[in-house]
Amino acid sequence: MRANKNRNIINLSFSIRNMRILYGVAGEGRGHSSRARAFIEHLQKQRHSVLVLAYGLAYKVLKKDFRVIKIDGIRFKFEKEKLSLSGTIKKSLPLIIKNIRTGKTRDRKIMKFRPEIAITDFEPVTAIFSYKYKIPLISIDNQHRLTFSKVNVPLEHKKDYLLAKLAVGTYIPKADYYIVLSFIPQRSRRKNVFFVSPILRKEVLGLKPKSKDYIAVYMNQPYKSLIDILRDINERFVVYGFNKKGEKGNLIFKKDPRKFLEDLASAKAVIASGGFTLMSESLYLKKPLFAIPLQGQFEQMLNALFLKQSGLGDFSENPSLSDIKRFLSNIKKYQKALNNYKIDSNEAVEVLDGILGRYFSSYRRTPARRTRVTFRARASSGRRQRVSSLVRRRRY
């Protein structure tokens, strides 16, 4: 199989055979389920069979369209608009214990599917299953930027950074390959790590951006003080995430998530939490973004720092009226920078296809042997990164 001649990213001399793939998806926030949908739809289009493990919001969203086994996972606890570590542990511990108790029953269900490879989007049960049954594991997420990137961390965020880095390493201790979604083109010295552009849902790719006279607002957790600030600004705001519906002054509250993408595409700017997926969608649609990273979640702070340093928007953990007004007064400046920023949504699936093809598709049930793997992964800036690694084919 050969990629488009103009792109020349992957050059395979054989076709990828149909595979049975176990796909684990974290359930907190909508970002994991959004990108998992894009990857799973691509895998099924390639005629692979996919069984999904998911919990929380990811389970609710994905069960409608895919074969999904429900599991339990970590649930975040917020207190006073800040992530509570002790509260999260207390809330999640019973669910972790339940996962352990139901492990044998869950494993039997999975083994009926006979998975040949596992993919995890920051979901540890899938990783543990792959270790236990010696199934190759591919990690796909943006969290591993913390472990594989050089991060310049402001001193006041050093503690959160170290805790987040420890959590990532504990959650997914090892994988055969890592596909790391990143806003910035990077190279890794590790030959099994690939930095790629964010992947976007087909619903986002099909949108036609406009610029109407309102600002879209989306918060994963209700941020009550933000509402008071927005009321004092002479702009219209379409607000999601507060479990309200109706119009109050200059604020239009909405609850139906199916309407959000339409409102996002037509907004002149966006105010949102610092989640990776929504930021990716906003940047792709050329929307200036003001991020409010959830306190205690360093991964969101990392996204927000990129946003400001690249001139694509601004952020504050505790925004004031002057912060929001300053952002809105600079929309044209951010728009100019956005016109030069590109996201290649195909890059991630091309790298995944390359891994599946070179590493797994020519598999035969023969003794393990070493084989050379070579393919290209294109960076968002248009540079091509040549990747060559020695991988070990295993028997399973």
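Residues numbered from 1 in each chain as written. Predicted model: local features only at pLDDT ≥ 70, side-chain atom pairs only at ≥ 80, totals over all residues. Heavy atoms only, no water.

Attention shifts here to the sheet that holds strand β15 (residues 289-292). The strand order across the open sheet formed by seven strands is β12-β13-β11-β10-β14-β15-β16, and the pairing between neighbours is mixed. What marks the edges here is a single partner per strand, and that holds for β12 (246-248) and β16 (313-315). On average, each strand axis in the sheet is inclined to that of its neighbour by 20°, with strand direction left out of account. Packing against the sheet, helix α9 (residues 224-231) makes contact with β10 (215-218), β11 (237-240), β13 (251-253), β14 (269-273) and β15, and its axis sits at approximately 140° to β13. Packing of helix α11 (residues 276-284) onto the sheet brings it into contact with β10, β14 and β15, and relative to β15 it is tilted by some 170°. (Pairing = 2+ DSSP bridges. Helix = DSSP H or I, 4+ residues; strand = E, 2+ residues; numbered from the N terminus. Axes fitted to C-alpha atoms, helices over the stretch in contact; angles between N-to-C directions. Contact = heavy atoms within 4.5 Å.)

Here we come to the pairing of strand β2 (residues 49-54). Each regular strand shows side chains that alternate between the opposite faces of the sheet. Counting buried positions over the six residues of β2 gives five, a clear majority of the element. For strand β1 (residues 20-25) and β2, the ladder comprises six bridges, and the chain directions are parallel. In the sheet register, Y23 faces β2, and the bridge partner there is V52. At this point the chain moves from β1, through helix α1 (residues 31-45), to the parallel β2, and the crossover so formed is right-handed. Bridge analysis of β2 against strand β3 (residues 68-70) gives three bridges, and the strand direction is parallel. (Buried < 20%, exposed > 50% of the residue type's maximum accessible area, 1.4 Å probe, protein only. Right-handed = clockwise from strand over helix to strand, strands pointing away.)

A few words now on helix α5 (residues 124-133). Where α5 is concerned, the buried positions are P124, V125, T126, A127, F129 and S130. Backbone nitrogen of V125 and a side-chain oxygen of the N-cap are separated by 2.8 Å at the start of α5; the cap is E123. A positive phi of about 55° marks K134, the residue just after α5. (Polar contact = N/O pair within 3.5 Å; in protein donor to acceptor, adjacent residues only side chain to side chain.)

Following the criterion strictly, the structure yields 16 salt bridges and no others. The salt bridge partner of E299 is R145, with a shortest N-O separation of 3.0 Å. Placement of the pair is E299 in helix α12 (residues 298-309) and R145 in helix α6 (residues 145-148), with a sequence separation of 154 residues. The residues E299 and R145 share a single accessibility class, namely buried. Note that D213 and K268 form a salt bridge whose closest N and O atoms lie 3.3 Å from each other. (Salt bridge = Lys/Arg side-chain N within 4 Å of Asp/Glu carboxyl O.)

Attention now moves to the side chain of R106. Note that R106 resides in helix α4 (residues 103-113). For the buried R106, no salt bridge is present, and the opposite-charge side chain at shortest range is D107, 4.5 Å distant. (Lys, Arg positive; Asp, Glu negative; His and termini not counted.)

Right, let's get into the environment of F260. Mapped onto the secondary structure, F260 falls in helix α10 (residues 260-266). The spacing of F260 and V238 is 22 residues in sequence and 9.3 Å in space, taken between C-alpha atoms. Every residue in contact with F260, bar those within four places of it in the chain, is listed here: R30, Y218, Y240 and L278.

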